[in-house]
Amino acid sequence: MTSVRRAVIAGTGSALPRRRVSNDELAKTVDTSDEWIIERTGIRARYIAAADETTATLGAAAARAALAAAGADAQEVGLIVLATATPDQTFPSSATKVQAMLGIADCVAFDVAAVCSGFLYAVSVAESMLRAGTADSALVIGSETFSRILDWEDRGTCVLFGDGAGAVLLRAEHTAATDGRGVLATKLHADGRHNELLYVDGGPSTTGTVGKLRMKGKEVFRHAVLNLAEVLGEALSAAGLSVADVDWVVPHQANRRILDATAKKLGLAEEQVIITVDEHANTSAASVPLALDQAVRDGRVKRGDLLVLEAMGGGFTWGAAVVRF
Ligand code: UT7
């Protein structure tokens, strides 16, 4: 039997801030309502980080949970790729902060900036490096504290986002060429012509400030459904598979209506789509690994299942990964 070196998901983990904020609680300070938010987005609550909960601390907690799920020791980790648009500091990278928190003396560690698609970019980079032999074991983390860059006066955006982190431990293993476990294909895209539809109005090299998130929601929505359906098909065909082979789609959690429209466009059943946007809101790079960890822990996603992970966000950037779990 021919085998191939692949990046296999050995364990998943996630972490949420202590404080859960319902739509009703938000409506006390923002001109909005539980009804509007649920009807337009499917969001019922989000988690908001306290001052002592940062992108690095949440990321480290998710990483510890992923290591525990895999029965792995932190010392086996040779690579940390952390996807975030809200790092603790401009530098050093939050990946190196997580490395220090986990007590790893030496490994490769860096951040990836692709906003909501960050986890897909990070998985793609990490699995390439594992296949190339740079390391044998990698922590891939999506961690965000978007509450810090929200304009709490802008009801069109502040109700949509939340904080959190998710992680996977990827291990290089030789698995069967035809139906073996691991990352089977990834497909990434970017189109910088759409920078101004979803961006932060500050930064070290421009204003010298952190800035606040700005979004033209309707236009992002329109692009999201088209791009996601297309990239999902591209990743599946790169793996030599089709929609009929898919057990679960683990999508970026931005808006329930985007998830429903994408599933419908592809002919997927609603029950095959993992949905956590109701409880987590949009956690940017953290949303896909948070949703994956939830579906693994509640027993829906099982060893051998075929998953498609997908996301789209600022840039625009978008991508998908086909994984046999
Ligand atoms: O993660 C990156 C990807 N991001 C996304 O995918 C986000 C994509 N976009 C969306 O999810 C949706 O476009 C939104 C949820 C952002 C907005 O939904 P919409 O159906 O496009 O609503 P809208 O922006 O057209 O607003 C409709 C109305 C407006 O009032 P008028 O002008 O019709 O009187 C808004 O002022 O709803 C009003 N509105 C609100 N009302 C109560 C906007 N935000 C709120 C709010 N509460 N929070």
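Look up: the structure comes first, before these words.
A brief look at the structure comes next. What you are looking at is a predicted structure, and each value in this text was computed from that prediction instead of being measured.

What counts, and at which threshold
- Residues numbered from 1 in each chain as written.
- Predicted model: local features only at pLDDT ≥ 70, side-chain atom pairs only at ≥ 80, totals over all residues.
- Heavy atoms only, no water.
- Axes fitted to C-alpha atoms, helices over the stretch in contact; angles between N-to-C directions.
- Helix = DSSP H or I, 4+ residues; strand = E, 2+ residues; numbered from the N terminus.
- Parallel < 35°, antiparallel > 145°, perpendicular 65-115°, else oblique.
- Left-handed = near helix turned anticlockwise from the far one by under 90°.
- Contact = heavy atoms within 4.5 Å.
- Nonpolar A, V, L, I, M, F, W, Y, C, P; charged D, E, K, R; others polar.
- Near = heavy atom within 4 Å.
- Polar contact = N/O pair within 3.5 Å; in protein donor to acceptor, adjacent residues only side chain to side chain.
- Areas by Shrake-Rupley, 256 points an atom, 1.4 Å probe, with all protein chains shown as cover.
- Domains from an automatic or database assignment.
- 1 Å grid on protein atoms, 1.4 Å probe; cavity = no way out; pocket = protein on both sides within 12 Å on 5 of 7 lines; lining within 4 Å.
- Points joined across faces, edges and corners; volume = space filled by probe spheres on them.
- Expected span 1.5 Å × (residues − 1).
- Buried < 20%, exposed > 50% of the residue type's maximum accessible area, 1.4 Å probe, protein only.
- Salt bridge = Lys/Arg side-chain N within 4 Å of Asp/Glu carboxyl O.

Looking at the packing of helix 7 (residues 217-238) against helix 8 (residues 256-266)
Consideration 1: At a closest axis distance of 9 Å, the pairing of helix 7 and helix 8 adopts a crossing angle of 40 degrees. Relative to helix 8, the element helix 7 is oriented oblique. Pair helix 7 / helix 8 crosses with right-handed handedness. Here Phe221, Ala224, Val225, Leu226, Leu228, Ala229 and Leu232 of helix 7 come into contact with helix 8, specifically with Arg257, Ile258, Ala261, Thr262, Lys265 and Leu266.
Consideration 2: Taken together, the residues of the contact of helix 7 with helix 8 sort by class into 10 nonpolar, 1 polar and 2 charged.

Here's the deal with the site of the ligand
Consideration 1: Looking at the ligand, there are 23 residues lining it, with Thr32, Arg40, Lys218, Asn255 and Asn282 nearest.
Consideration 2: Asn255 is positioned such that a nitrogen or oxygen atom in its side chain is 2.6 Å from an oxygen atom of the ligand.
Consideration 3: Within the complex, 74% of the 960 Å² of free accessible area of the ligand lies under protein.
Consideration 4: Secondary structure elements with two or more residues in the shell around the ligand: helix 2 (34-41), helix 6 (155-158), helix 7 and helix 8.
Consideration 5: No other element matches helix 7, which puts 4 residues into the shell around the ligand.
Consideration 6: In the shell around the ligand, the residues fall into 11 nonpolar, 7 polar and 5 charged.
Consideration 7: No fewer than three residues from each of domain 1 (3-176) and domain 2 (182-324) sit in the shell around the ligand.

Structural notes on empty space enclosed by the protein
Consideration 1: Per the stated rule, a full pass over the model turns up 2 cavities of 30 Å³ or more.
Consideration 2: The space that makes up the largest cavity amounts to roughly 40 Å³.
Consideration 3: Taken together, Val249, Pro251, Leu259, Thr262, Ala263, Leu266, Leu268, Val273 and Glu310 make up the lining of the largest cavity.
Consideration 4: Per element, the largest residue contribution to the lining of the largest cavity is 4 residues, and it comes from helix 8.
Consideration 5: Of the residues that constitute the lining of the largest cavity, the class distribution is 7 nonpolar, 1 polar and 1 charged.
Consideration 6: Looking at the second largest cavity, the residues that line it are Ile9, Phe119, Val123, Val168, Leu170, Val183, Leu309 and Val323.
Consideration 7: Of the residues belonging to the lining of the second largest cavity, the class tally is 8 nonpolar, no polar and no charged.
Consideration 8: Formed jointly, the lining of the second largest cavity draws a minimum of three residues from each of two domains, domain 1 (3-176) and domain 2 (182-324).

Here's the deal with helix 3 (residues 55-70)
Since the α-helix packs 3.6 residues into each turn, any two residues three or four apart lie on the same face.
Consideration 1: An ideal rise of 1.5 Å per residue puts 22 Å on 16 residues; helix 3 measures up with 22 Å between its terminal C-alpha atoms.
Consideration 2: Burial in helix 3 covers these residues: Thr55, Ala56, Leu58, Gly59, Ala60, Ala62, Ala63, Ala66, Leu67 and Ala70.

With respect to the packing of helix 3 against helix 4 (residues 94-102)
Consideration 1: For the pair helix 3 and helix 4, interaxial distance at closest approach is 9 Å and the crossing angle is 55 degrees. With respect to helix 4, the element helix 3 is oriented oblique. The two elements helix 3 and helix 4 cross, and the hand of that crossing is right-handed. Of the residues in helix 4, those touching helix 3 at Thr55, Ala56, Thr57, Gly59, Ala60, Ala63, Arg64 and Leu67 are Ser94, Lys97, Val98, Met101 and Leu102.
Consideration 2: Taken together, the residues that form the contact of helix 3 with helix 4 break down as 7 nonpolar, 4 polar and 2 charged.

A closer look at the pattern of salt bridges
Oppositely charged side chains can pair when the atoms bearing their charge come close.
Consideration 1: In total, this model carries 15 salt bridges according to the counting rule given.
Consideration 2: In this structure, Arg131 and Glu127 form a salt bridge, with 3.0 Å as the shortest nitrogen-oxygen distance. Placement of the pair is Arg131 and Glu127 together in helix 5 (residues 118-132), with a separation of 4 residues, close to one helical turn.
Consideration 3: Exposure remark for Arg131: the relative accessible area of 44% places this residue in the partly exposed category.
Consideration 4: Between Arg214 and Asp201 there is a salt bridge; the shortest N-O distance is 2.9 Å. One end of the pair, Arg214, is in strand 10 (residues 213-215); the other, Asp201, is in the loop between strand 9 (198-200) and strand 10, and 13 residues separate them in sequence.
Consideration 5: Taking relative accessible area as the criterion, Arg214 reaches 23% and is therefore assigned partly exposed.
Consideration 6: Each of Arg18, Asp52 and Glu53 takes part in a single network of salt bridges with overlapping partners.

What about the side chain of Ser137?
Consideration 1: Along the chain, Ser137 falls in strand 6 (residues 137-145).
Consideration 2: For Ser137, a relative accessible area of 3% puts it in the buried group.
Consideration 3: For Ser137, the contacting residues outside a window of four places in its chain are Glu76, Val77, Gly78, Leu79, Leu130, Leu169, Leu170 and Arg171.

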